[in-house]
Amino acid sequence: MDALLATGIQALTGIASLLLVSLGLAIVFGMMRVINLAHGEFLMLGAYSAILAVQAGANLWVAMLVVAPLCVGLLGAVVERLVIRRLYGRMVDTMLATWGLSLALIGAVTMVFGNSVAGFSAPLGSVQIGAYSTSGYGLFLIGATAVLLLAVWAVLRFTPVGLIARGTMQNAGMAAALGVPTERVYALSFAAGAAVSGLAGALMAPFSGVVPTMGTAYIAKCFITVITGGAAMLAGTATASGLLGSVNTIGTFAFTPVLGEVLMLGVAIVLLRLLPQGITGRFFRRAL
């Protein structure tokens, strides 16, 4: 029983990690339909922001939960203003621009920090479950991901800001005719997606070494998860994360981490073949 519970917690940690790193992309791509190939670098910058804040003397939790999302959110606002704003509706151009931004960010961070691995150890120690122990920080990550998902859902579902953002993304012309400053809404939405990505990168930093190219380990998984989820941004991403994260975790335990990711990709391909509109194209159609 103890072994089963410990394994279940490990599986939940893997699911939470996948959902956490995909949530920012779900906002930018799922809601705004902007293909941001620099999403992995926003995760990386969030991790480095937290590291620099800790080195400057900030509390670890303040660095991860406040400094990282603020820094990356501000960067996202600048990127939207200088790059993305000119490319809405031009999907190929957006892909090329964000790919170039990705390379530029990797090069800039490499020049500043080098290729050495940085990071900090996971806080909270371990939690004993019978004869087994599991990471206390892993339990925190599960809870933090659930709280973040509920917070984003509540903002989009119940607040005027969320209603205006969703309405603008669905019909920008009508929103502008009603007096909504659509350019500001787009900028704030992109900045919010970037801030969530920065928070995710900072929270994932204790689990993995932080290097300038760490985003490449996440970008494919994030796009696969969001696309497999379908049109319902939050419900689709959460459902796809649960399914694909479970497959990845089981494959990793049964075989190797590489085979776990191969199995995850295989399941995603089968799902998209059977459900071309994604999971929420068939189920949860009215979900957010």
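The preceding data block contains the structure.
Residues numbered from 1 in each chain as written. Predicted model: local features only at pLDDT ≥ 70, side-chain atom pairs only at ≥ 80, totals over all residues. Heavy atoms only, no water.

A. Representation of the overall build of the protein chain in the model. The helix and strand inventory of the protein chain stands at 12 helices and 2 strands. For the protein chain, the succession of helices and strands along the chain, N to C, is α-α-α-α-β-β-α-α-α-α-α-α-α-α. Its C-alpha atoms give the protein chain a radius of gyration of 19 Å, near enough to 19 Å, the size a compact globule of 288 residues would have. Seen through its principal axes, the protein chain has C-alpha atoms that stretch 65 × 50 × 35 Å. When the 288 residues of the protein chain are sorted by exposure, 47% land in the buried category. Long-range contacts, defined as pairs at least 24 residues apart, comprise 75% of the intrachain contacts of the protein chain with a sequence gap of at least 6. (Helix = DSSP H or I, 4+ residues; strand = E, 2+ residues; numbered from the N terminus. Rg over C-alpha atoms; globule rule 2.2 N^0.38 Å. Buried < 20%, exposed > 50% of the residue type's maximum accessible area, 1.4 Å probe, protein only. Contact = heavy atoms within 4.5 Å.)

B. Focus on helix 5 (residues 136-158). The end-to-end C-alpha separation of helix 5 is 33 Å, in line with the 33 Å expected for 23 residues at 1.5 Å each. All of the buried residues in helix 5 are Gly136, Tyr137, Gly138, Leu141, Ala144, Thr145, Leu148, Leu149, Val152 and Leu156. (Expected span 1.5 Å × (residues − 1).)

C. Spotlight on the nonpolar core. Counting residues in each nonpolar core, the largest one holds 65 residues, and the members touching the most others are Met64, Phe190, Leu203 and Leu234. Setting aside residues up to four positions removed in sequence, leucine 203 forms contacts with Leu20, Met64, Leu65, Tyr137, Phe140, Leu141 and Ala144. (Core = buried A, V, L, I, M, F, W, Y, C linked by side-chain atoms within 4.5 Å.)

D. Main features of unusual backbone geometry. Its identity is not glycine, yet arginine 33 carries a phi of approximately 60°, on the positive side. Mapped onto the elements, arginine 33 comes out in the loop between helix 1 (2-31) and helix 2 (39-55). Using a relative accessible area of 46% as the deciding quantity, one classes arginine 33 as partly exposed.

E. Representation of the environment of isoleucine 164. Positionally, isoleucine 164 belongs in helix 6 (residues 160-170). Under the relative-accessibility criterion, isoleucine 164 is labelled partly exposed at 39%. Aside from chain neighbours lying at most four places away, what touches isoleucine 164 is Val180 and Val185.

F. Examining the packing of aromatic side chains more closely. For the structure shown, the criterion picks out 9 aromatic pairs. Geometrically, the ring pair formed by tyrosine 88 and tyrosine 186 is tilted, given 4.6 Å between the ring centres and 45° between the ring planes. Pair noted here: tyrosine 88 is in the loop between helix 3 (60-82) and helix 4 (91-113) and tyrosine 186 is in helix 8 (residues 182-204), with a separation of 98 residues, a long-range link. Using a relative accessible area of 26% as the deciding quantity, one classes tyrosine 88 as partly exposed. Note on tyrosine 137 and phenylalanine 140: the rings are 5.6 Å apart at their centroids and 35° apart in plane angle, and the pair reads as tilted. Of this pair, tyrosine 137 and phenylalanine 140 both sit in helix 5, separated by 3 residues, roughly a single helical turn. (Phe/Tyr/Trp six-rings, centres within 6.5 Å; stacked < 30°, edge-to-face > 60°.)

G. Spatial organisation of the environment of glycine 30. As for its position among the elements, glycine 30 is in helix 1. A sequence separation of 203 residues divides glycine 30 from methionine 233, and the C-alpha atoms of the two residues are 5.2 Å apart.

H. Seen up close, the side chain of threonine 237. Within the fold, threonine 237 resides in helix 10 (residues 233-254). Given the relative accessible area of 1%, threonine 237 is considered buried. Residues in contact with threonine 237, not counting those within four places in the same chain, are Leu19, Ser22, Ala26, Thr225, Val226, Gly229 and Ala232.

I. Helix 4, seen in detail. Taking 1.5 Å of rise per residue, the 23 residues of helix 4 would be expected to cover 33 Å, and the 32 Å separating its terminal C-alpha atoms lies within 8% of that figure. When helix 4 is considered as a whole, its buried residues turn out to be Thr94, Thr98, Leu101, Ser102, Leu105, Ile106 and Val109. Along its buried surface, helix 4 packs onto helix 2 and helix 3. Looking at the residues trailing helix 4, positive phi occurs at glycine 114, about 75°.

J. Quick look at the packing of helix 5 against helix 8. Two numbers describe how helix 5 lies on helix 8: the axes approach to 11 Å, and their chain directions differ by 170°. Comparing their axes, helix 8 and helix 5 come out roughly antiparallel. Residues Tyr137, Phe140, Leu141, Ala144 and Leu148 of helix 5 form the contact with helix 8, whose own contacting residues are Val196, Leu199, Ala202, Leu203 and Met204. Taken together, the residues of the contact of helix 5 with helix 8 sort by class into 10 nonpolar, no polar and no charged. (Axes fitted to C-alpha atoms, helices over the stretch in contact; angles between N-to-C directions. Parallel < 35°, antiparallel > 145°, perpendicular 65-115°, else oblique. Nonpolar A, V, L, I, M, F, W, Y, C, P; charged D, E, K, R; others polar.)

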